[in-house]
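Descriptive structure summary
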Amino acid sequence: MSLDPILLEVLACPQDKGPLLYVEDERRLYNPRLRRSYPVREGIPVMLVEEAEAVDPAEHDRLMGKAERGEARWTLQGQGPVGEAG
């Protein structure tokens, strides 16, 4: 189940308030700046800091590759990875 496009325009990370990468086929939202992933369960994003999962460097690179190939999209009206840590 996809997230509503209107929700994607306003959805931000609860920790740093920045945009997230929505990876629909994996049912998750990813914050590349903090390298934290939030699950989407039954079409509902679980935006609780304590529910976020840490993402290792290899997984980060894989997810960012999906973004570069257009296989994932940014929240907050496509602002992209603002302030992304390298």
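What this report covers is the structure whose coordinates are included nearby. (Residues numbered from 1 in each chain as written. Predicted model: local features only at pLDDT ≥ 70, side-chain atom pairs only at ≥ 80, totals over all residues. Heavy atoms only, no water.)

Quick word on the overall build of the protein chain
On a plain count of helices and strands, the protein chain comes out with two helices and six strands. Helices and strands appear in the protein chain in the N-to-C order α-β-β-β-β-β-α-β. Taken over 86 residues, the protein chain has a buried fraction of 43%. Considering only contacts in the protein chain between residues 6 or more positions apart, those separated by 24 or more positions represent 51%. (Helix = DSSP H or I, 4+ residues; strand = E, 2+ residues; numbered from the N terminus. Buried < 20%, exposed > 50% of the residue type's maximum accessible area, 1.4 Å probe, protein only. Contact = heavy atoms within 4.5 Å.)

A closer look at the side chain of Ser-37
Looking at the secondary structure, you find Ser-37 in strand β3 (residues 36-41). Side-chain polar atoms of Ser-37 contact the side chain of Arg-28, separated by 3.3 Å. For Ser-37, the contacting residues outside a window of four places in its chain are Arg-28, Leu-29, Tyr-30, Glu-51, Ala-52, Glu-53 and Val-55. (Polar contact = N/O pair within 3.5 Å; in protein donor to acceptor, adjacent residues only side chain to side chain.)

Comments concerning helix α2 (residues 57-68)
The end-to-end C-alpha distance of α2, which contains 12 residues, comes to 16 Å, matching closely the 16 Å that a straight helix rising 1.5 Å per residue would cover. For α2, the set of buried residues is His-60, Leu-63, Met-64, Gly-65, Lys-66 and Ala-67. Within two residues after α2, Gly-70 carries a phi angle of roughly 80°, on the positive side. (Expected span 1.5 Å × (residues − 1).)

Overview of the nonpolar core
Leu-3, Leu-8, Leu-11, Cys-13, Leu-20, Tyr-22, Leu-29, Tyr-38, Val-40, Met-47 and Ala-52 form the largest nonpolar core, which has 11 residues in total. Those residues in contact with Ala-52 that lie beyond four places of it in its chain are Arg-36, Ser-37 and Tyr-38. Leu-21, Val-23, Val-55 and Leu-63 belong to the second-largest nonpolar core, a separate cluster that totals nine residues. (Core = buried A, V, L, I, M, F, W, Y, C linked by side-chain atoms within 4.5 Å.)

Details of the pairing of strand β2 (residues 28-31)
Judged by which residues are buried, β2 turns out to be covered on both faces: Arg-28 and Tyr-30 on one side and Leu-29 and Asn-31 on the other are all buried. In the sheet, strand β1 (residues 21-23) pairs with β2 via three bridges, with the strands oriented antiparallel. Bridging from a neighbouring strand, Val-23 pairs with Arg-28 of β2. The hairpin formed by β1 and β2 contains four residues between the paired strands, and Arg-27 there has a positive phi angle of roughly 50°. The pairing of β2 with β3 spans four bridges and is antiparallel. Within β3, the residue paired with Arg-28 across the bridge is Pro-39. Adjacent in sequence and paired antiparallel, β2 and β3 are bridged by four residues, among which Arg-35 carries a positive phi angle near 55°. (Pairing = 2+ DSSP bridges.)

Just distances and angles here, no functional claims.
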